[in-house]
Amino acid sequence: MNRPLLARHLDGLGTTIFAEMSALARTTGAINLGQGFPDTDGPTEVIEAAVAAMRDGANQYPPGDGIPDLRLAVAEHRQRFYDQTFDPDGEVLITTGATEAIAAALLALLEPGDEVIALEPFYDSYAACIAMAGARRVGVTLRPPHFRPDLDELRAAVTERTRVIMLNTPHNPTGTVLTRAELEAIAAVAIEHDLIVVTDEVYEHLVYTGEHIPISTLPGMRERTVTISSAGKTFSFTGWKIGWVCAPRELIAAVRTTKQFLTYTSGAPFQPAIAHALRLPDTYFDGLREDLRHKRDLLGGGLRAAGLTVYEPQGTYFTTTDITPLGYADGLDFCRRLPELRGVVAIPEVVFFDNEEVGRPLVRFAFCKRVEVLEEAVSRLKRLEP
């Protein structure tokens, strides 16, 4: 065929950086500190709950909105941790992970030509979903060393075409946790310009400095916020792909309209297991956070010893570094060479930036691995040199 096969608005998406770097890890035998998944499973009792659900016959299509008990557990979780009430029958929607929730929300809410303001660097699915909707992303750049949003830049980014502000806090890949003052300023912009906020909160329980504050809890924001989260990062079951959306009925109805034509539904035996997981005691959530804090500090110390500039994350699974002290300038080239050079895989952050000049020297390492794996990675990285 002479005509292009890929629609023009999807130009540049291609294969994700995660697929490329994970393939490098497999072919070289390198330690994969690139893609953000744990190398241990979550709580045994949650696995056993999934096994019991399979044996009890939960192996066919669950309801399109998700099973009632999981929707109730999500609503209970919002009440328990954020004192926020959602009706499980109409204000909670279960999705195939947060990625589907993001896609369904953006495809449902955007018209071709609309604009979406997003904090960059941004998770690559944001760019893809905005493109698939025929909309345009407008980045507000988080810059080192502190990676705080420039609120004046955000206000100036709003135009008559702006429809959505896309937030991610705790923020992947920088680890920034937005403060109450920052969220209040963003909320004021959303209210003034009648914008919808779509917020990705999958790292809500992985905060080491500061506090996770859902923007939907601020005055005037519940009615205009689509809150997205998932079980993968909180319970170390990333492969189960159980996510959810909490929003007012009219916004849930809009997201459901799109979601039903994506997967429709999934994860039948995993849904009751995650309902069980969401009801685990506070000691579980506290223990997870402290375990990851220790791993963050272990990896961060090793990266500093290797000569990298380390920007300590306030939350998430990831540590951002600057490679220029080692004499390198291009993070993509560095990450492609690192598996052979030192047997470690990382992710170049430039792929998450529209502002490539800022992102070019930044490299992300994941610390959601076993301690002995992190110690081996640190040992390998000690001898980094240009």
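Thresholds applied
- Residues numbered from 1 in each chain as written.
- Predicted model: local features only at pLDDT ≥ 70, side-chain atom pairs only at ≥ 80, totals over all residues.
- Heavy atoms only, no water.
- UniProt positions renumbered as here; feature names shortened; annotations may be inferred.
- Axes fitted to C-alpha atoms, helices over the stretch in contact; angles between N-to-C directions.
- Helix = DSSP H or I, 4+ residues; strand = E, 2+ residues; numbered from the N terminus.
- Parallel < 35°, antiparallel > 145°, perpendicular 65-115°, else oblique.
- Contact = heavy atoms within 4.5 Å.
- Nonpolar A, V, L, I, M, F, W, Y, C, P; charged D, E, K, R; others polar.
- Pairing = 2+ DSSP bridges.
- Phe/Tyr/Trp six-rings, centres within 6.5 Å; stacked < 30°, edge-to-face > 60°.
- Lys NZ or Arg CZ within 6 Å of the ring centre and 35° of its normal.
- Buried < 20%, exposed > 50% of the residue type's maximum accessible area, 1.4 Å probe, protein only.
- Salt bridge = Lys/Arg side-chain N within 4 Å of Asp/Glu carboxyl O.

- The name given to the protein chain in an unreviewed UniProt entry is Aminotransferase, and the organism recorded there is Embleya scabrispora.
- The record in UniProt for the protein chain states the following under Cofactor (unreviewed entry): "pyridoxal 5'-phosphate".
- In its Sequence similarities (unreviewed entry) section, the UniProt record describing the protein chain reads: "Belongs to the class-I pyridoxal-phosphate-dependent aminotransferase family."

A few points about the packing of helix H11 (residues 282-305) against helix H14 (residues 371-381)
Reasoning step 1: Axis separation between H11 and H14 bottoms out at 9 Å; the angle between their running directions is 10°. As judged from the angle between their axes, H11 and H14 are roughly parallel. Here His294, Lys295, Leu298, Leu299, Gly302 and Leu303 of H11 lie close against H14, whose contacting residues are Val371, Leu374, Glu375, Val378 and Leu381.
Reasoning step 2: Along the lines of polarity and charge, the residues of the contact of H11 with H14 split into seven nonpolar, two polar and two charged.

Observations concerning the sheet that holds strand E5 (residues 162-168)
Reasoning step 1: Across the sheet, which stays open at both edges, the seven strands sit in the order E2-E8-E7-E6-E5-E3-E4 with mixed pairing between neighbours. Pairing within the sheet leaves two strands with one partner each, and these edge strands are strand E2 (92-95) and strand E4 (136-141). Strand-to-strand twist across the sheet, computed as the mean angle between neighbouring axes with direction ignored, equals 20°.
Reasoning step 2: Note that E2 and strand E8 (residues 243-246) share four bridges and pair antiparallel. Each bridged residue has a counterpart across the sheet, and for Ile94 the counterpart in E8 is Trp244.
Reasoning step 3: The strands touched by helix H7 (residues 180-192) within the sheet are E5 and strand E6 (196-200), with E5 carrying the most contacts at an inclination of about 165°.
Reasoning step 4: Most of the contacts of helix H9 (residues 249-259) go to E2, to which it runs at about 25°, and overall it touches E2, E6, strand E7 (225-230) and E8.

Topic: the packing of aromatic side chains
Reasoning step 1: Going through the model one piece at a time under the given rule, you end up with 16 aromatic pairs.
Reasoning step 2: Through a chain of ring-to-ring contacts, three or more aromatic side chains come together here, namely Phe81, Tyr82, Phe235, Tyr284 and Phe285.
Reasoning step 3: Positioned above the aromatic ring of Phe86, the side-chain terminus of Arg222 is 4.3 Å from the ring centre.
Reasoning step 4: The ring of Phe318 is capped by Arg364, whose NZ or CZ atom sits 3.5 Å from the centre of that ring.

Observations concerning the pairing of E7
Reasoning step 1: With respect to burial, E7 is a largely interior element, six of its six residues being buried.
Reasoning step 2: By the alternation rule, side chains of E7 split into Thr225, Thr227 and Ser229 and Val226, Ile228 and Ser230, which are all buried.
Reasoning step 3: Both E6 and E7 contribute to a ladder of four bridges, which runs parallel. The residue of E7 that forms the bridge with Val198 is Val226.
Reasoning step 4: Relative to E8, E7 runs antiparallel, the two being bridged by four bridges. Of the residues in E8, the one forming a bridge with Ser230 is Gly243.

Here's the deal with the pattern of salt bridges
Any two side chains of opposite charge can pair, given that their charged atoms come close.
Reasoning step 1: Evaluation of the coordinates by the stated rule reveals 26 salt bridges.
Reasoning step 2: A salt bridge links Glu76 to Arg279; the nearest nitrogen and oxygen atoms lie 2.8 Å apart. Taken together, the residues Glu76 in helix H3 (residues 68-82) and Arg279 in the loop between helix H10 (270-278) and H11 connect sequence positions 203 residues apart.
Reasoning step 3: Arg279 sits in the partly exposed class, given a relative accessible area of 34%.
Reasoning step 4: Because the salt bridges share partners, they merge into one network encompassing Asp286, Arg289, Glu290 and Arg293.

Notes on the environment of Tyr311
Reasoning step 1: As for its position among the elements, Tyr311 is in strand E9 (residues 309-311).
Reasoning step 2: Relative accessible area serves as the criterion here: at 12%, Tyr311 is assigned to the buried category.
Reasoning step 3: Taking the C-alpha atoms as reference points, Tyr311 and Ala105, separated by 206 residues in sequence, lie 32 Å from one another.
Reasoning step 4: Apart from the residues within four sequence positions on either side, Tyr311 is in contact with Pro144, Pro145, Phe147, Thr319, Thr320, Thr321, Asp322 and Leu362.

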